[in-house]
Amino acid sequence: MTDTHTLETDGADLVYDVHGPLPTADGRPPLFLIGQPMDAGGFTALVSYLPDRTVVTYDPRGLGRSRRTDGRTDHDPTVQAADVHAIIEALGAGPVEMFGSSGGAVTALALVAAFPNDVTTLVAHEPPLIPVLPDAEAAERARAAVRDAYEAGGRNAGMAAFIAMTSWRGEFTDDYFAKPVPDPGQFGMPSEDDGSRDDPLLSERSWAVSSYRPDRDALAAAPTRIVIAVGEESGDIFTGRTSVAAAAELLGRQPTVFPSHHGGFLDAESGYPGQPEAFARRLRAVLDGQD
């Protein structure tokens, strides 16, 4: 059973889905799943492997079904945190457990810092936090090159540059910047310009997400149990490195390892399949305190 709701807030009409009963059947808090710039559709496979849990998913403002009314195009994690807080209040089920992935993990960290009583346990999976990296300035330069490629050639050109950036191993050195701008054909994409310039992943619209520095003191003071997670295949690529650095800076420990890669909860229909069944088992165990 899935119920879909629309919550009108200051600046957005937020669409969210409740998969399962409220109050929950097992007495546990609802499990809230957050992605960014992915919308709720990206969690279809993961939800299917959690049939006994009441799971909440939503589309961040300006993405998927959630319509913006604030006239803005940027994706600010503090604004999105306030949106998630509003949905949690609307649920009326008390604090939630939370899994946030990629930019959704950044929003979740901002939520716990601003609204510390909203979340009992947070699993923040591969947050792409540039400020925590030792080579943050070089990472910002690499990010800007993705934007430049996108503005020059459209989505396929931008995605080729993005793939090259996020698959680079180790720090962004002179060797990285000496490489030519990748051709989309290297990744099986056409070279034609599709005319797109508003993609939230490839434009500057999500720079507020990757530029966010979590408030370590606020997170330490919150009653929330926080787990930083990393995919076993992510190693020393960009989001693997940000996960290790974030776990060290915020928690003083190593990240908790999950199956697969950055999209490890995705199935074959996504085009970037992970291991969703194994991922769901690991998520259950971590939420139960086995991290």
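Quick look at the structure, then. (Residues numbered from 1 in each chain as written. Predicted model: local features only at pLDDT ≥ 70, side-chain atom pairs only at ≥ 80, totals over all residues. Heavy atoms only, no water.)

**Details of the overall build of the protein chain**
Phase 1 of the analysis: Each helix and strand counted, the protein chain has ten helices and nine strands in total.
Phase 2 of the analysis: Relative to a compact globule of 291 residues, whose C-alpha radius of gyration would be 19 Å, the protein chain shows 18 Å and is just as compact.
Phase 3 of the analysis: Along the three orthogonal principal directions, the C-alpha set of the protein chain runs to about 55 × 40 × 35 Å.
Phase 4 of the analysis: The buried share of the protein chain, taken over its 291 residues, is 54%.
Phase 5 of the analysis: Excluding contacts between residues fewer than 6 apart, the proportion of contacts in the protein chain whose partners are at least 24 apart in sequence is 70%.
Phase 6 of the analysis: Within the structure as shown, the protein chain displays about 12300 Å² of accessible surface, and the carbon and sulfur contribution to it stands at 50%. (Helix = DSSP H or I, 4+ residues; strand = E, 2+ residues; numbered from the N terminus. Rg over C-alpha atoms; globule rule 2.2 N^0.38 Å. Buried < 20%, exposed > 50% of the residue type's maximum accessible area, 1.4 Å probe, protein only. Contact = heavy atoms within 4.5 Å. Areas by Shrake-Rupley, 256 points an atom, 1.4 Å probe, with all protein chains shown as cover.)

**Focus: the pattern of salt bridges**
Phase 1 of the analysis: Inspection of the entire model under this criterion finds 22 salt bridges.
Phase 2 of the analysis: With a shortest N-O distance of 2.7 Å, R197 and D193 are connected by a salt bridge.
Phase 3 of the analysis: With a relative accessible area of 34%, R197 lands in the partly exposed category.
Phase 4 of the analysis: Here E277 makes a salt bridge to R281, at a shortest N to O gap of 4.0 Å. With E277 and R281 both in helix α10 (residues 276–287), this residue pair falls four residues apart, about one helical turn.
Phase 5 of the analysis: Because the salt bridges share partners, they merge into one network encompassing D26, R28, R53, E97 and D288. (Salt bridge = Lys/Arg side-chain N within 4 Å of Asp/Glu carboxyl O.)

**Focus: the pairing of strand β7 (residues 119–125)**
Phase 1 of the analysis: Along β7, six of the seven residues are buried, which leaves the element largely enclosed by surrounding structure.
Phase 2 of the analysis: Relative to β7, strand β6 (residues 96–101) runs parallel, the two being bridged by five bridges. Bridge pairing links S101 to H125 in β7.
Phase 3 of the analysis: Where the polypeptide runs from β6 across helix α3 (residues 103–114) and back to β7, its parallel neighbour, the crossover connection is right-handed.
Phase 4 of the analysis: As paired elements, β7 and strand β8 (residues 225–231) share five bridges and run parallel to each other. (Pairing = 2+ DSSP bridges. Right-handed = clockwise from strand over helix to strand, strands pointing away.)

**A few points about the packing of aromatic side chains**
Phase 1 of the analysis: Summed over all chains, the structure comprises eleven aromatic pairs.
Phase 2 of the analysis: Seen in terms of ring centroids, F43 and F99 are 6.3 Å apart; in terms of plane orientation they differ by 80°. Their pairing is edge-to-face. Remark: F99 occurs in strand β6 and F43 occurs in the loop between β3 (31–34) and α1 (44–48); sequence separation between them is 56 residues. The residues F43 and F99 share a single accessibility class, namely buried.
Phase 3 of the analysis: A ring pair is formed by Y176 and F177, whose centres lie 5.1 Å apart and whose planes are at 85°; its orientation type is edge-to-face.
Phase 4 of the analysis: By relative accessible area, F177 is classed as partly exposed at 22%. (Phe/Tyr/Trp six-rings, centres within 6.5 Å; stacked < 30°, edge-to-face > 60°.)

**A look at unusual backbone geometry**
Phase 1 of the analysis: With an omega of -5°, the peptide bond between L22 and P23 qualifies as cis.
Phase 2 of the analysis: Relative to the helices and strands, P23 is located in the loop between β2 (12–19) and β3.
Phase 3 of the analysis: Between Q36 and P37 the backbone carries a cis peptide bond, its omega angle lying at 5°.
Phase 4 of the analysis: Its place among the elements puts P37 in the loop between β3 and α1.
Phase 5 of the analysis: Positive phi values are uncommon outside glycine, yet E126 reaches one of about 50°.
Phase 6 of the analysis: In this model, S260 sits at a positive phi of 75°, which is unusual for a non-glycine residue.

**Quick notes on the layout of surface pockets**
Phase 1 of the analysis: Size it by volume and the largest pocket reaches roughly 1400 Å³.
Phase 2 of the analysis: Around the largest pocket sit 47 residues that line it, and S102, F162, L201, H262 and Y272 are the ones nearest its centre.
Phase 3 of the analysis: Secondary structure elements with two or more residues in the lining of the largest pocket: α1, α4 (136–153), α5 (155–167), α7 (207–210) and α9 (238–251).
Phase 4 of the analysis: Broken down by element, the residue count for the lining of the largest pocket peaks at seven residues, all from α5.
Phase 5 of the analysis: Here the residues of the lining of the largest pocket are counted per class, giving 21 nonpolar, 20 polar and six charged.
Phase 6 of the analysis: For the second largest pocket, the calculated volume is near 350 Å³.
Phase 7 of the analysis: Forming the boundary of the second largest pocket are 15 residues, of which Y176, K179, P180, V181 and P182 lie nearest the centre.
Phase 8 of the analysis: Sorting the residues of the lining of the second largest pocket by element identifies α4, α5 and α6 (174–178) as the ones contributing at least two each.
Phase 9 of the analysis: Tallied by class, residues from the lining of the second largest pocket come to twelve nonpolar, two polar and one charged. (1 Å grid on protein atoms, 1.4 Å probe; cavity = no way out; pocket = protein on both sides within 12 Å on 5 of 7 lines; lining within 4 Å. Points joined across faces, edges and corners; volume = space filled by probe spheres on them. Nonpolar A, V, L, I, M, F, W, Y, C, P; charged D, E, K, R; others polar.)

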